[in-house]
Amino acid sequence: MTRIPHETSGEPNPLQVLTLDRLRQRTSMKWRTHPEDVLPLWVAEMDVPLAEPVVRAVTDALHLGDTGYPAGTAYAEALAAFAGKRWGWGGLAVQRTAIVPDVMLGVVEMLKLVTGTGDTVVVNPPVYPPFYMFVEHMDRRVAEAPLGADGRIDLDVLEEAFRQAVAGGRRAAYLLCSPHNPTGTVHTAEELSAVAGLAERYGVRVVADEIHAPLVVGGAGFVPYLSVPGAERGLSLMSASKGWNLPGLKAALAVAGPGAAADLDRMPEEVGHGPSHVAVIAHTAALRDGVTWLDALLAGLDGNRRLLADLLAEHLPAIRYRPGDATYLAWLDCRALGLGDDPADVFLRRGRVALSSGLAFGTGGTGHVRLNLATSKEVLTEAVRRTAAALR
Ligand SMILES: Cc1ncc(COP(=O)(O)O)c(C=O)c1O
């Protein structure tokens, strides 16, 4: 495992700070969708207090009444500095960035820049369900290029999807999820270079959703898509939203490679009216001053993925779990349990534990569930106990 200096930082594990009683006072989707007797480990919200620098920055802004419209490039500058230190990538040019309301709306805007109505967007299922919802809502067609059995991009399958997507001279895009939700796969530099090569060969434009980039817990280092050779015409979406648990503070950054700068320049000005100024302040503080907190979180998540593997081996050995190197999500293959297509429904009804149903993740989701590891060891242990109890 690399770069987890938490043990000497004194920063407590953020996953062990809040009690369940305290968390149940929250009014967000994770805590209000199901009744009180259900343990929620589904939607991607974390059971953590916010990093102190974020709280301070937002509180200062509120005290000052600094609640106007966003201005300036501080968010992009903070991301560029973070990318340089964390990933050794000096290629994030602030002048080739734009603030967008959030990652998914940013994805929509990037896809509008490089495709037209009826064009195809290629995705790698099983994948984050809104990839289907948002793309179809904007009248593009989703084409699936499923991940291989090893959870990695299958380049032959991807090539065939690209070939079909551009047939008849149509424009097409590839919506890459990097790192991958729900498997936690961290794509290697070699894989991403091969993707870039294929995309160039077929004239497919790559839009990389890199929202989970700060959340790499394993030894594999995150490789920004735009940093690989051949990716110059790519577009990326980045945000502090997942890494620091800020989805309620909406703001993200669109980043263009040198060959996509002119495309990003065409993004309509009104898109920049969507993000919240206070959110921009929060995201900037996270990237600039929240690294100690992030490292403590990553150490906690690493502990949780090990704990989950141990708990499953002990209580639910029929469930297959290959811990990914990134995200706080665990993709569980429950097919051997014989619970049918939607085990999440059984676990919810009989075990009172809410996991995400694999069905919405496209091809490869049947018989699977996604579990959110970003909670305390106690909640995680109780969730597995309930899941096992659902089978009795
Ligand atoms: C891959 C991926 N993209 C986008 C999002 C949502 O980001 P945002 O709220 O900024 O649209 C998530 C949330 O979990 C995600 O996992």
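Cut-offs used in this document
- Residues numbered from 1 in each chain as written.
- Predicted model: local features only at pLDDT ≥ 70, side-chain atom pairs only at ≥ 80, totals over all residues.
- Buried ≥ 20, exposed ≤ 12 C-beta atoms within 10 Å, placed from the backbone.
- Helix = DSSP H or I, 4+ residues; strand = E, 2+ residues; numbered from the N terminus.
- Arc of directions from axis to C-beta.
- Contact = placed C-beta atoms within 7 Å.
- Near = placed C-beta within 6 Å.
- Nonpolar A, V, L, I, M, F, W, Y, C, P; charged D, E, K, R; others polar.
- Axes fitted to C-alpha atoms, helices over the stretch in contact; angles between N-to-C directions.
- Parallel < 35°, antiparallel > 145°, perpendicular 65-115°, else oblique.
- Left-handed = near helix turned anticlockwise from the far one by under 90°.
- Domains from an automatic or database assignment.

Enquirer: It is not clear to me how helix α13 (residues 343-351) should be interpreted in this structure. Could you clarify?
Expert: For an α-helix the count is 3.6 residues per turn, leaving residues at separations of three or four pointing the same way. Of the positions making up α13, those classed as buried are P343, A344, F347, L348 and G351. Down the axis, α13 shows its buried residues gathered within 140° of arc, on one side only. In this fold, the buried residues of α13 make contact with β11 (353-354), β12 (356-357), β13 (368-372) and α14 (377-389). R352, located one to two residues past α13, shows a positive phi value of around 55°.

Enquirer: Would you take a moment to explain the site of the ligand for this structure?
Expert: If you check the shell around the ligand, you find 14 residues, and the closest are A44, D102, V103, M104 and N181. Class assignment of the residues belonging to the shell around the ligand gives a composition of eight nonpolar, three polar and three charged.

Enquirer: Quick question: what am I supposed to make of the packing of helix α12 (residues 291-315) against α14 here?
Expert: Packed helices, taken two at a time, are described by the angle their axes make and the gap between the axes. Two numbers describe how α12 lies on α14: the axes approach to 10 Å, and their chain directions differ by 25°. In terms of orientation, α12 and α14 fall into the roughly parallel class. As α12 runs across α14, the sense of the crossing is right-handed. Packed against α12, whose contacting residues are N304, L307, L308, L311, L312 and H315, the element α14 presents K377, L380, T381, V384, R385 and A388 at the interface. The residue inventory of the contact of α12 with α14, partitioned by class, reads seven nonpolar, three polar and two charged.

Enquirer: Teacher, can you tell me more about the domain arrangement of the protein chain here?
Expert: Much of the literature gives interface size as the accessible area that the parts lose upon coming together. Domains assigned within the protein chain are domain 1 (6-51 + 291-389) and domain 2 (55-289). Taken together, the contact pairs 29 residues of domain 1 with 33 residues of domain 2. No other element matches the five residues that α12 contributes to the side of domain 1 that touches domain 2. Across the side of domain 1 that touches domain 2, the residue classes tally to 14 nonpolar, nine polar and six charged.

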